[in-house]
Amino acid sequence: MKYCVLVAYVPDTASIIKIGGAGNRIDEGGIKWIISPYDEFALEEAIRLKEARGGEVTVITYGPDRGSTGLRECLARGADRAVHVMGGEATFGDAFAIARVLAAAVQKAGPFDLILCGIKGVGSDQSLVGAMVAELLDVPHVSGVVKLEVGEGSLTAQRDVEGGTEVFTAPLPCLVAAHKGLNEPRYPSLKGIMAAKKIPIETWKPADLGLDEAALGGAEATSRWLKLELPAAKAGGTILNGEEDPAGAARELARLLRHEAKAI
Amino acid sequence: MAAMADDSVASVREMVREFARRELAPHVREWDEASFFPAEVFRQLGELGMLGVLVPEEYGGAGLDYRHYVTIVAELAAVEPGVALSVAAHNSLCTNHILLFGSDEQKRQWLPRLARGEVLGAWGLTEPGAGSDAGGTRTTARREVDGWVINGAKNFITHATVGGVAVLTARTAPGSDHRGISAFLVPLDTRGVVRGKKEDKVGMRVSDTSSLILEDVRLPADALVGAEGEGFVQAMEVLDGGRISIAALGLGIARGALQAALSYARQRHQFGRPIASFQGIQFKLADMSVLVSAAELLTFRAAEAKDAGEKTTRLSSEAKLFASEAAVRVAEEAVQIHGGYGYTKDYPVEKLWRDAKLCTIGEGTSEIQRLVIARQLLGE
Ligand SMILES: Cc1cc2nc3c(=O)[nH]c(=O)nc-3n(C[C@H](O)[C@H](O)[C@H](O)COP(=O)(O)OP(=O)(O)OC[C@H]3O[C@@H](n4cnc5c(N)ncnc54)[C@H](O)[C@@H]3O)c2cc1C
Ligand SMILES: Cc1cc2nc3c(=O)[nH]c(=O)nc-3n(C[C@H](O)[C@H](O)[C@H](O)COP(=O)(O)OP(=O)(O)OC[C@H]3O[C@@H](n4cnc5c(N)ncnc54)[C@H](O)[C@@H]3O)c2cc1C
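Residues numbered from 1 in each chain as written. Chains lettered and ligands numbered in written order. Predicted model: local features only at pLDDT ≥ 70, side-chain atom pairs only at ≥ 80, totals over all residues. Heavy atoms only, no water.

Participant: Describe the pairing of strand E5 (residues 181-187) of chain B, naming the residues involved and giving the relevant values.
Facilitator: Successive side chains on a regular strand alternate, one facing one side of the sheet and the next facing the other. All names here are of chain B. For E5, the buried fraction is high: six of the seven residues fall into the buried class. Sheet topology note: the strand E4 (residues 165-171)/E5 ladder contains seven bridges and is antiparallel. Of the residues in E5, the one forming a bridge with Val167 is Leu185. Two strands pair when backbone bridges link them, and E5 and strand E8 (residues 224-225) are joined in this way by two bridges, in the antiparallel orientation. Bridging from a neighbouring strand, Phe184 pairs with Leu224 of E8. (Buried < 20%, exposed > 50% of the residue type's maximum accessible area, 1.4 Å probe, protein only. Helix = DSSP H or I, 4+ residues; strand = E, 2+ residues; numbered from the N terminus. Pairing = 2+ DSSP bridges.)

Participant: Give me the interface of chain B and chain A: which residues, what numbers.
Facilitator: Facing 23 residues of chain B, the contacting portion of chain A comprises ten residues. Of the roughly 1,400 Å² buried between chain B and chain A, counting both surfaces, carbon and sulfur atoms make up 66%. For the interface between chain B and chain A, the tally reads two salt bridges. The salt bridge involving A:Lys32 is made with B:Glu14; its shortest N-O contact spans 3.2 Å. For the interface between chain B and chain A, the tally reads five residue pairs in polar contact (both at pLDDT 80 or more). Breaking the side of chain B that touches chain A down by element, the ones donating at least two residues are helix H1 (2-24), helix H3 (39-48) and helix H4 (66-77) of chain B. Looking at the side of chain B that touches chain A element by element, the count peaks at eleven residues for H1(B). The residue inventory of the side of chain B that touches chain A, partitioned by class, reads ten nonpolar, seven polar and six charged. (Contact = heavy atoms within 4.5 Å. Buried area = accessible area lost by both parts, 1.4 Å probe. Salt bridge = Lys/Arg side-chain N within 4 Å of Asp/Glu carboxyl O. Polar contact = N/O pair within 3.5 Å; in protein donor to acceptor, adjacent residues only side chain to side chain. Nonpolar A, V, L, I, M, F, W, Y, C, P; charged D, E, K, R; others polar.)

Participant: Tell me what's going on with the packing of aromatic side chains, and back it up with residues and numbers.
Facilitator: By the definition in use, this model includes ten aromatic pairs over all chains. Between A:Tyr38 and A:Phe41, the aromatic rings sit 6.1 Å apart at their centres with planes inclined by 65°, giving edge-to-face as the arrangement. Of this pair, A:Tyr38 and A:Phe41 both sit in helix H1 (residues 37-53), separated by three residues, roughly a single helical turn. Taken as a pair, A:Tyr38 and A:Phe41 share a single burial class, namely buried. Centre to centre, the rings of B:Tyr341 and B:Tyr347 are 6.2 Å apart; their planes meet at 75°, and the pair counts as edge-to-face. Relative accessible area serves as the criterion here: at 40%, B:Tyr341 is assigned to the partly exposed category. (Phe/Tyr/Trp six-rings, centres within 6.5 Å; stacked < 30°, edge-to-face > 60°.)

Participant: Mind laying out the site of ligand 1, listing which residues take part and the relevant values?
Facilitator: All names here are of chain A. Close contacts around ligand 1 come from 31 residues, with Asp39, Gly121, Gln126, Leu128 and Val129 the closest. Taking Arg66, its side chain carries an N or O atom lying 2.8 Å from an oxygen atom of ligand 1. For ligand 1, an oxygen atom lies 2.6 Å from a polar atom in the backbone of Val129. Protein contacts shield 97% of the accessible area of ligand 1, which totals 860 Å² for the unbound molecule. Contributing elements (two or more residues each) for the shell around ligand 1: strand E2 (9-11), strand E6 (56-63), helix H3 (95-109) and strand E8 (114-118). Considered class by class, the residues forming the shell around ligand 1 number 19 nonpolar, eight polar and four charged. (Near = heavy atom within 4 Å. Areas by Shrake-Rupley, 256 points an atom, 1.4 Å probe, with all protein chains shown as cover.)

Participant: Lay out the sheet that holds strand E12 (residues 174-178) of chain A in plain terms, naming residues and giving numbers.
Facilitator: Pairing between sheet strands relies on hydrogen bonds along the backbone, with the strands arranged either parallel or antiparallel. Residues and elements named next belong to chain A. Taken together, the nine strands give an open sheet; going across it, the order is E11-E10-E9-E12-E8-E1-E6-E7-E13, and neighbouring strands pair in mixed fashion. Each edge of the open sheet carries a strand with a single partner, namely strand E11 (164-171) and strand E13 (202-204). For this sheet, the mean angle separating the axes of adjacent strands, direction not counted, is 35°. Examined bridge by bridge, E8 and E12 share five bridges and lie parallel to one another. In the sheet register, Leu116 faces E12, and the bridge partner there is Val176. Against the sheet, helix H4 (residues 129-137) touches strand E1 (2-6), E8, strand E9 (141-150) and E12, its axis set at about 180° to E12. (Axes fitted to C-alpha atoms, helices over the stretch in contact; angles between N-to-C directions.)

Participant: I'd like to hear about the domain arrangement of chain A, residue by residue, with values.
Facilitator: Looking at the assigned domains, one finds that chain A contains domain 1 (2-216) and domain 2 (237-264). Distance from the C-alpha centre of domain 1 of chain A to the C-alpha centre of domain 2 of chain A: 49 Å. (Domains from an automatic or database assignment.)

Participant: Before we move on, can you summarise H3(B) with the specific residues and values?
Facilitator: Those residues of H3(B) that fall on the buried side of the exposure criterion are B:Val41, B:Phe42, B:Gln44, B:Leu45, B:Gly46 and B:Leu48. B:Gly49 occupies a position one or two residues after H3(B) and carries a positive phi of about 100°.

Participant: Summarise the packing of helix H8 (residues 279-307) of chain B against helix H9 (residues 313-337) of chain B; cite the residues concerned and give the values.
Facilitator: Residue and element names in this part refer to chain B. Where H8 contacts H9, the axes come no closer than 9 Å and their chain directions differ by 155°. By the criterion of interaxial angle, the relationship of H8 to H9 is roughly antiparallel. Remark: the crossing between H8 and H9 carries left-handed chirality. Class assignment for the residues of the contact of H8 with H9 results in 17 nonpolar, three polar and five charged. (Parallel < 35°, antiparallel > 145°, perpendicular 65-115°, else oblique. Left-handed = near helix turned anticlockwise from the far one by under 90°.)

Participant: Describe the site of ligand 2, listing the residues and the values that go with them.
Facilitator: Residues and elements named next belong to chain B. Around ligand 2, the structure places 18 residues, and the nearest of them are Thr126, Ser132, Phe156, Thr365 and Glu367. Contact with the protein chains hides 65% of the accessible area of ligand 2, taken as 980 Å² for the molecule alone. Judged by the fraction of its atoms near the pocket grid, ligand 2 is located in the second largest pocket. Per-element tally for the shell around ligand 2: the top contributor is strand E3 (residues 147-158), with three residues. Its residues assigned to classes, the shell around ligand 2 comprises seven nonpolar, eight polar and three charged. (1 Å grid on protein atoms, 1.4 Å probe; cavity = no way out; pocket = protein on both sides within 12 Å on 5 of 7 lines; lining within 4 Å. Sits in = over half its atoms within 2 Å of the grid points.)

Participant: Go over the state of the cysteines, please, and point to the residues and values.
Facilitator: All names here are of chain A. Under the criterion given, the structure shown has zero disulfides over all chains. Note on Cys4: no disulfide assigned, nearest cysteine sulfur contributed by Cys117 at a separation of 9.7 Å. Judged by its relative accessible area of 0%, Cys4 is buried. (Disulfide = S-S within 2.5 Å.)

So, in structure tokens, the structure goes:
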């Protein structure tokens, strides 16, 4: 079995976000970068499948230089091969452009029996790339998977829906987008970290995939980030002292809820 | 090559930091209060390779050097110093003693299990009557036709309760000086080994510390580690490495305390301003930062010398002495910066302060480090 995992290297969810550039990007100074948490589930699942039944796990990222650090971590956790498609500046935030690059990379690196990605990439959270890649590769896809069984030539995947679960079967090759709950990702071991140093990361450019990145981000762009805004700073809350006069405080609370917050 | 090694130190630091943040941080207070030894954490540490850091891969270890090792101990110590102490004692005392002086057979039998964490290691030098004066060992090993019989008592032994095997020193030549002391490998389920009282300690409470009583413990002839009469010299060499890990322990505690103090000083307002805006507090933070940086430099200096194969007796003691005292100072200042809140269990600094104090005592007190350093300087 050959497994492919699409991994986005994204700002740590605990980062303090500031807006920079021309007001349509975040200020990347001081940001810590991490493997997008949902992609960790995807990677863990691929490694477990490999450990249980043999095979090879390839990880692919599309983005700037720093992405290699993320790929190293994937190798340390047990991936066998890593492909870094360098770039991403021109196509930033355009899910379809990103999907075209990734689909082409998957095709060049493959063939694969199973492609895994996260249900969403932290930072932009659009949940678009996985489905688009599947469509471009003309393979079925199941999204939001919390349980996965892979058989000969087909898979069974479970996803949680409001008040129940859905069970899907699909033929291989197939793309699966992982959700929280699929597994508990491992830490890279010391041996894994050292072994990962010895695996060369393959670096490709979109041009190596027959794609013109400038066109992808220019004439062929499907979406562009125009403006980012931080949420309005929260005003300090109002504290009503109910110790001395509970009835008065309750009256004041009701008044505020009705007339100020307009909640009742 | 150097660039690659640096890179792997950074990756290891990142992994251990994440591990400590997720697996240790949420439980620190609960484990401390219950004096609970988190066996599950040690199973995970074993899986990740952190219980066989210095053990070569052929014996199932991670095969890393001291720079990686001190990085690991310091990162764990910044969050849960007791776990870091146990990791340090397991790796650099018991396991390293077998690695440095064990026979091929002893290494094959024990190192893979120690490195995987299937068995935790203990190391018994200290006795009720032989602390700083470790050469004063009263535990005896009597030679018999088919092996050895050991009698005596060891105290303050890390992992005496939870451990599976120990390297112990015992006097093989009655009435001798330190040259009559030998080292033995003792599975702790051997008949006659009694695990004594668990110490109710001020700090480092998750780390298991107990006494061991040895009553007619019969060991096979091949339980001897290295040559007869070399146990004390072996122990001193083991401590050359061990003290670097206690330096790392101090470094981690100091760094953890500085971090806590920094974030508290930014948040806490008095006189209408964050206390971090007062010069009196800023000077404290600056001095703490200098101590942390100096401790880090000395610790890594000793680690690098060790990795280069140099004799590190003086450097190890210097790093251990400085980083330990720095940890105590920085943790105390962190409590001070927290004011009354620092004196409660709601903030992590009181625990770091309690934990830090072990560093100036274990593996040779600060006074003993000064003796060692002076002897090295004077060439005695
Ligand atoms: C400030 C900022 C900087 C970023 N920098 C990088 C970066 O350096 N490198 C990077 O890879 N991402 C980076 N990202 C994330 C990246 O922009 C998004 O993943 C991308 O825009 C797709 O967004 P999406 O919401 O459509 O993805 P989604 O559709 O929500 O993503 C679903 C899944 O598709 C896969 N996927 C998405 N994008 C990629 C990708 N580029 N490479 C491989 N797999 C992918 C992942 O498995 C992901 O879980 C950054 C995001 C922000 C906010
Ligand atoms: C949590 C913990 C874990 C430990 N783990 C282990 C372990 O795993 N294995 C092990 O073998 N031991 C272990 N120890 C024991 C530790 O190494 C000893 O406690 C330490 O060496 C000091 O010995 P002592 O307690 O007998 O103090 P003492 O030697 O009685 O010292 C008392 C005081 O006298 C001072 N002093 C002694 N001699 C001199 C001198 N010549 N000049 C100036 N001052 C002097 C000391 O510095 C100290 O201040 C552990 C201790 C603790 C607290």
